[in-house]
Amino acid sequence: MRTYRIVLSGLGHVGRSFLSIMQSQASLLATRYGVVLRLVAAADSGGAAIDDSGLDPASILALKQRQQSVAALPLHGIPGMTPVDVVRSIEADILLEATPVNLKHGQPGLDTVRTALRRGMHTVLANKGPLALAYAELAALSDMGEVSEERGDPRDWPALRFSACVGGALPTIAIGRRDLAGARILRVEAVLNGTTQGILRAMEQGVSYADALAEMQQRGLAETDPSLDVEGWDAASKLTIVANAVLHRPTTLADVTVRGITGLTTDDLRAALERGERIVLLCLAERQEDDFHLSVQPTPLPLSHPLARMSADEMGVVYTTDIAGRQTATTLETDPTPTAAAMLRDILDIAAR
């Protein structure tokens, strides 16, 4: 039985969902994988709580239910302590980074991840901001860096995992890196933002844009700043990660052409259906000679296309390759739990190294 000491940074929808599945899956993790997770620290915007013998997830969830900071936890709470302070001050095996996405400077997640990797701490992200802004830097600090004789065995470096950043539980990164190994990827088409997918499908049914967005916020599926969803930047950050991690194309957000859904009307969506098409917010990476053109924009697809057949709660990816044909995967997600489950999947991948 192997025990992994966990630091959880961020106690929003995804962080709280992870605490719930830590409890619900504990027996399965022990019996099937020989893995025990011990939460030794948790941090939110109000401070942190630390206990090397293990914090009780249920107690933290109860605090958050009362809209209190984890810093209010009796005996173990430390008001004002930042995630970076936590990572610097304790011994832990894995950092889980789930703070709100910031695509301007990536903080506080970026510095927390940097600090963890430099200390040799494995890192699992649900926050895509640090990767969208500093993928090359973080990869170089981890086992995702370029293979070279100087770097030696990748297993000697701390692991960096982020499947939750690119479509929740959808195995977008695993398919591209592992399952299509040896093939050239010619085209990536994906719907990776569940909020806009839900809004567009609701608008097809006559629901107003404002009411559709409000529903996605109420369900905990929209970003803390919903403009990241509806203006296309959340999807663009995910495509940036795919370009770096799967296509091996050094990419920043500035390389992606981005247009969101705010200019669409119910008439636009219904007219597309009458033409036998469905409009989706499409992430597209298309090979052009030795490079890829990258874009995120509302795109009409034939109703026969795999991504046009998806429901309001589905996301999906289609990889077209030279020798492995076309690979399609979709995921049906109605709340943040599958994103938290993807973080657990990454922990088990680290445990299997």
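Residues numbered from 1 in each chain as written. Predicted model: local features only at pLDDT ≥ 70, side-chain atom pairs only at ≥ 80, totals over all residues. Heavy atoms only, no water.

Our focus in this paragraph is the nonpolar core. L131, F162 and Y319 are the most contacted members of the largest nonpolar core, which has 73 residues in total. No other element matches helix α11 (residues 233–245), which puts 7 residues into this core. If we ignore the near neighbours within four places in the chain, the residues touching F162 are L125, L131, Y135, M144, I173, I241, A245 and D346. Counting 36 residues, the second largest nonpolar core, distinct from the first, contains F18, A42, L96 and V124. (Core = buried A, V, L, I, M, F, W, Y, C linked by side-chain atoms within 4.5 Å. Buried < 20%, exposed > 50% of the residue type's maximum accessible area, 1.4 Å probe, protein only. Helix = DSSP H or I, 4+ residues; strand = E, 2+ residues; numbered from the N terminus. Contact = heavy atoms within 4.5 Å.)

Let us look at the sheet that holds strand β13 (residues 326–332). If you walk across this open sheet you meet the 6 strands as β9-β11-β10-β8-β12-β13, and the pairing is mixed. The strands lining the two open edges of the sheet, one partner per strand, are β9 (257–258) and β13. One ladder, built from 7 bridges, connects strand β12 (residues 314–321) with β13; its direction is antiparallel. Note that in β13 the partner of G316 across the bridge is T330. (Pairing = 2+ DSSP bridges.)

In this section: the environment of G145. Residue position: G145 is located in the loop between α6 (129–140) and β7 (160–161). Measuring from C-alpha to C-alpha, the distance between G145 and R345 comes to 21 Å, with 200 residues separating the pair along the chain.

This part covers unusual backbone geometry. Residue P108 follows Q107 across a cis peptide bond; omega there is 5°. Along the chain, P108 turns up in the loop between β5 (94–97) and α5 (109–118). With phi around 60°, Q67 is a residue other than glycine that occupies positive phi space. Summarising the element assignment, Q67 is placed in the loop between α3 (57–65) and β4 (77–79). Q67 gets classed as exposed once you look at its relative accessible area, which sits at 75%. Within the chain, E289 stands out as a residue other than glycine whose phi angle is a positive 60°. When you line up the elements, E289 lands in the loop between β10 (277–288) and β11 (291–302). Residue class for E289 comes out exposed when judged on its relative accessible area of 75%.

Let us now look at the sheet that holds β4. Note on sheets: strands pair through backbone hydrogen bonds, and any given pair is parallel or antiparallel. Spatially, 7 strands are ordered β4-β3-β2-β1-β5-β6-β7 in an open sheet, and the strand pairing comes out mixed. Strand pairing shows two members of the sheet lacking a second neighbour, β4 and β7, which therefore form its edges. One ladder, built from 4 bridges, connects strand β1 (residues 2–9) with β5; its direction is parallel. Residue pairing across strands places V7 opposite L95, the latter belonging to β5.

Residue placement: D346 occurs in helix α13 (residues 337–351). An unpaired buried charge is present at D346: no salt bridge exists, and R345, the closest side chain of opposite charge, is 4.6 Å distant. Beyond its immediate stretch of four places on either side in the chain, D346 contacts V124, R161, F162, S163 and A164. (Lys, Arg positive; Asp, Glu negative; His and termini not counted. Salt bridge = Lys/Arg side-chain N within 4 Å of Asp/Glu carboxyl O.)

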